[in-house]
Amino acid sequence: MEPSILIVGGLVVVVIIVIAVILMRGGKKAAADSAPAAPSSGRPAARLNWLVGLSGPAEGKTFHIGSRTVSIGRLVGSFVQLTEDEQVSRNHCQIGTEGGSLIIRDAESNTGTFVNGERITRHILKDGDQIRIGQSVFEYRHRGDFETNDGLGRKDASMRAVKPTLMGSQKSLQTMVFEALEEYNGDRQKAAESLSLPLEVFERILEDNKKSI
């Protein structure tokens, strides 16, 4: 047999093999594309560090702490704001991460911060711990997939967010406002900031006092 015929025959075989490989790969890709996608649960992935309201004004609410440092109290800037409870201080306590753990610290509140029934100044939270702040009881969850983060909701800037704690100092809020105004030489903005008050609330207290004179 002539060499030229052998060469042509060999080329034909190679072409056939290449075509077969291409067809096989195409078939596998089509099968993969037509395969049904894995079912989705439709729920968000579990995230770390939640507070779940069990009772009191916070009942039914969920707060995602994550790795941030947050405050709990009645002030407008509180991540967990509890204005309905006059036993809660304006800045009651703080929660934040430290060395890989979540720590809760009491902020010298008037009525105290309690974990599992004991009053604390600082406590490393463990999954399932129950925290009592005023009339509200929370449970700490290390992981959760709750759909709502109430810490991002609208805050209450009314008078009840800034008035003194029910069981705290007897000094009136009006007295504190006028003392701050005097300390900052009449600068209402700085005086309001010193009390963690929105300026409009600070000015409303001044106006209410004028009307009562």
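Residues numbered from 1 in each chain as written. Predicted model: local features only at pLDDT ≥ 70, side-chain atom pairs only at ≥ 80, totals over all residues. Heavy atoms only, no water.

Draft legend 1. Highlighting the overall build of the protein chain. From N to C terminus, the protein chain includes four helices and eleven strands. A burial count over the protein chain gives 36% of its 213 residues as buried. Total accessible area on the protein chain stands at roughly 13,000 Å², and carbon and sulfur atoms take up 54% of it. (Helix = DSSP H or I, 4+ residues; strand = E, 2+ residues; numbered from the N terminus. Buried < 20%, exposed > 50% of the residue type's maximum accessible area, 1.4 Å probe, protein only. Areas by Shrake-Rupley, 256 points an atom, 1.4 Å probe, with all protein chains shown as cover.)

Draft legend 2. Expanded view of the sheet that holds strand S1 (residues 47–55). Pairing in this open sheet of six strands is antiparallel, and the strands run S2-S1-S11-S10-S7-S8 from one edge to the other. Both edges of this open sheet fall to strand S2 (62–64) and strand S8 (118–120), since each of them pairs with a single strand only. Mean inter-strand twist for the sheet, computed between neighbouring axes without regard to direction, equals 30°. The sheet contact formed by strand S10 (residues 130–133) and strand S11 (residues 136–144) spans four bridges and is antiparallel. Opposite Arg132, over in S11, you have Val137 as the bridge partner. (Pairing = 2+ DSSP bridges. Axes fitted to C-alpha atoms, helices over the stretch in contact; angles between N-to-C directions.)

Draft legend 3. View of the pattern of salt bridges. If you walk through the whole model with that rule in mind, you get four salt bridges. In this structure, Arg105 engages Glu98 in a salt bridge whose closest nitrogen and oxygen atoms are separated by 2.2 Å. One connected set of salt bridges, linked through shared partners, spans Glu98, Arg105 and Arg122. (Salt bridge = Lys/Arg side-chain N within 4 Å of Asp/Glu carboxyl O.)

Draft legend 4. The nonpolar core, seen in detail. Counting residues in each nonpolar core, the largest one holds 21 residues, and the members touching the most others are Leu51, Ile95 and Phe138. Mapped onto this core, the elements with two or more residues apiece are strand S3 (70–73), strand S5 (93–98), strand S6 (101–106), S10 and S11. Aside from chain neighbours lying at most four places away, what touches Phe138 is Leu51, Val52, Gly53, Leu54, Ala58, Phe63, Val80, Leu82, Asp129, Gln130, Ile131 and Ile133. Counting twelve residues, the second largest nonpolar core, distinct from the first, contains Met176, Val177, Leu181 and Ala191. (Core = buried A, V, L, I, M, F, W, Y, C linked by side-chain atoms within 4.5 Å. Contact = heavy atoms within 4.5 Å.)

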